[in-house]
Amino acid sequence: MLPILQTGHPLLRQKASPLSHSEILSASIQELIQTMTATMHKAPGVGLAAPQIGESLQLIVIEDRAEYMQHIPKTLLNLQERKPIPFHVIINPEIILVETEEKKAFFEGCLSIAGFVGLVPRALKVKVNCLNENAEEMTIEASGWYARILQHEIDHLQGKLCIERASRRSWMTTENFLKYWREKPIDDIRREFPPEIS
Ligand code: ZN
């Protein structure tokens, strides 16, 4: 596993390069996928983009496990439409459709902004074209929390972080989030941190 770069590192602000079919199948990229997976599990996180460990490549690993949801209230999980997502690899992703009509704001953090979370509005549905670790083409249709994870990770490949998508007023330490906000109904929180103040 490798250390995760923190915000301020210039590499997190670069556009990542796409991978060719032969690069994807090479030993070095297959090894990088293993390292990224171990790093994501150790963190733990539900997704990791290659720039976060210092490789400016269009490569993402994602896995959302049931055990990560154990301490989140069921009502919130339902509102978030959060369900376990099996491990998979996403390469050269292209968001081909975003349902922008309705966005929902939830607290979101990033392994590259350790110790902070903020209220981030995101589209509820996305469709993504990409390659997998065998360089095979895939189309992913995602909704709910999975759609949020995809938008967050694909942002990383464009040099974007969730900081600039969050309501500024809502930006807080994870410690205070857990202490003061986690149990509050999300609608009350959204009223407290309206998007127009961001
Ligand atoms: Zn992130």
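Scroll up a little and you will see the structure.
Residues numbered from 1 in each chain as written. Predicted model: local features only at pLDDT ≥ 70, side-chain atom pairs only at ≥ 80, totals over all residues. Heavy atoms only, no water.

**Observations regarding the environment of K160**
Now for step 1: Considering the arrangement of structural elements, one finds K160 in the loop between α4 (144–157) and β8 (172–173).
Now for step 2: Sequence-wise, K160 and A38 are 122 residues apart; in three dimensions their C-alpha atoms are separated by 23 Å.
Now for step 3: Setting aside anything within four residues of it in sequence, one finds K160 in contact with L12, R13, D155 and R165. (Helix = DSSP H or I, 4+ residues; strand = E, 2+ residues; numbered from the N terminus. Contact = heavy atoms within 4.5 Å.)

**Let's talk about the sheet that holds strand β5 (residues 116–123)**
What links the strands of a sheet is backbone hydrogen bonding, and the strands pair in either a parallel or an antiparallel sense.
Now for step 1: As summarised here, the arrangement of the three strands in space is β4-β5-β8, forming an open sheet in which the pairing is antiparallel. The open sheet has two free edges, formed respectively by β4 (103–109) and β8, since each of these has just one partner strand.
Now for step 2: Across seven bridges, the pairing between β4 and β5 is antiparallel. The partner of K104 across the bridge, within β5, is R122. (Pairing = 2+ DSSP bridges.)

**Things to note about the pairing of β5**
Now for step 1: In terms of burial, β5 is a largely internal element, six of the eight residues being buried.
Now for step 2: Where β5 meets β8, two bridges bridge the pair, whose relative direction is antiparallel. Its bridge partner being in β8, V117 is matched across the sheet by M172. (Buried < 20%, exposed > 50% of the residue type's maximum accessible area, 1.4 Å probe, protein only.)

**Some points on the coordination of the zinc ion**
Now for step 1: Around the zinc ion, the protein supplies C110 (SG), H152 (NE2) and H156 (NE2) as donor atoms, at distances of 2.1 to 2.2 Å.
Now for step 2: Counting along the primary sequence, the residues that act as donors to the zinc ion give the motif C-x41-H-x3-H. Remark: H152 occurs in helix α4 and C110 occurs in the loop between β4 and β5; sequence separation between them is 42 residues.
Now for step 3: C110 gets classed as buried once you look at its relative accessible area, which sits at 10%.
Now for step 4: Residue H152 is classed as buried on the basis of its relative accessible area of 7%. (Donors = N, O, S within 2.8 Å, 3.2 Å for Na, K, Ca; no water.)

In short, geometric facts, not functional conclusions.
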